[in-house]
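# Per-entry structural report
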Amino acid sequence: RTEFEIGALEAATPAGMQQEVVEKLGLDPALVNGHHRPSPGEFLLFLPNGGEVRLDTATGRGGITEVETRFVIFESNVLHLNHLKGIWTWVADAYALLLLGMAITGIIILKGRKGLGGRGKWFVAGGVMLPLVFVVYYYGSR
């Protein structure tokens with residue numbers, strides 16, 4: 001985030017404000033994706049990749065926020081949100097089925113006191129109850 005002060009805006013329309021801010025900050029007009037006026041005293045310009053210019057129209061004080069992608073975190077998020085579609089959907093579904101199989105065999109593989117008939121039932125109950133409590137809390141508050 002970079003702070004700035006350009007003075008009060010003289011333009012009355014949002015389009016005029018956009019042009020004035022672009023000129024005073026020396027921004028490339030092609031990089032501006034639009035504008036928004038959330039309140040009478042506030043003005044926003046949208047920049048590429050989620051960046052924005054936010055300023056107070058009366059004082060001209062504001063800041064430029066630029067978003068940078070972080071190595072590995074960005075790529076992981078792309079996989080998590082399944083932006084790739086296609087084959088990645090099949091890979092993710094196969095992995096989910098493998099995890100489900102591992103969980104089920106983990107429940108039934110042990111016998112005796114350590115298995116499902118002994119202390120295992122409490123672990124299974126805890127593993128089922130925790131998500132259920134979250135779902136009831138989350139959707140019950142709506």
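Before going into details, it helps to say that this report is about the structure given with it. (Residues numbered from 1 in each chain as written. Predicted model: local features only at pLDDT ≥ 70, side-chain atom pairs only at ≥ 80, totals over all residues. Heavy atoms only, no water.)

## A closer look at the pairing of strand β3 (residues 42-46)
As paired elements, strand β2 (residues 34-39) and β3 share four bridges and run antiparallel to each other. Looking at the pairing, H35 lines up with L45 of β3. Judged from the five bridges that link them, β3 and strand β4 (residues 52-56) form a sheet pairing that is antiparallel. Looking at the pairing, E42 lines up with D56 of β4. (Pairing = 2+ DSSP bridges. Helix = DSSP H or I, 4+ residues; strand = E, 2+ residues; numbered from the N terminus.)

## Side note on the side chain of E52
As for its placement among the helices and strands, E52 is situated in strand β4. Among the polar contacts made by the side chain of E52, one reaches the side chain of R54 at a distance of 3.2 Å. When neighbours within four sequence positions are excluded, E52 is seen to be in contact with L44, L45, L47, G63, I64 and T65. (Polar contact = N/O pair within 3.5 Å; in protein donor to acceptor, adjacent residues only side chain to side chain. Contact = heavy atoms within 4.5 Å.)

## Focus: the layout of surface pockets
Taken as a whole, the largest pocket holds about 160 Å³ of empty space. Lining the largest pocket, in full, are L27, L31, L47, P48, N49, G51, I64, E66 and V67. A class-by-class count of the residues in the lining of the largest pocket yields six nonpolar, two polar and one charged. (1 Å grid on protein atoms, 1.4 Å probe; cavity = no way out; pocket = protein on both sides within 12 Å on 5 of 7 lines; lining within 4 Å. Points joined across faces, edges and corners; volume = space filled by probe spheres on them. Nonpolar A, V, L, I, M, F, W, Y, C, P; charged D, E, K, R; others polar.)

## Side note on a nonpolar patch on the surface
On the surface, a cluster of nonpolar side chains totalling about 550 Å² of accessible area is made up of L97, L100, I104, I107, I108 and L116. With respect to the helices and strands, L100 occurs in helix α3 (residues 87-108). (Patch = residues over 30% accessible without salt bridge, like charges linked within 9 Å, V, L, I, M, F, W, Y side chains within 5 Å. Areas by Shrake-Rupley, 256 points an atom, 1.4 Å probe, with all protein chains shown as cover. Salt bridge = Lys/Arg side-chain N within 4 Å of Asp/Glu carboxyl O.)

## Considering the pattern of salt bridges
Here the idea is simple: oppositely charged side chains can pair when their charged atoms come close. What the rule picks out here adds up to five salt bridges. Across the salt bridge formed by R54 and E52, the nearest N and O atoms sit 3.2 Å from each other. On the basis of relative accessibility, which here comes to 30%, the residue R54 falls in the partly exposed class. For E52, a relative accessible area of 18% gives the class buried. A network of salt bridges, in which partner residues are shared, links E42, E52 and R54. (Buried < 20%, exposed > 50% of the residue type's maximum accessible area, 1.4 Å probe, protein only.)

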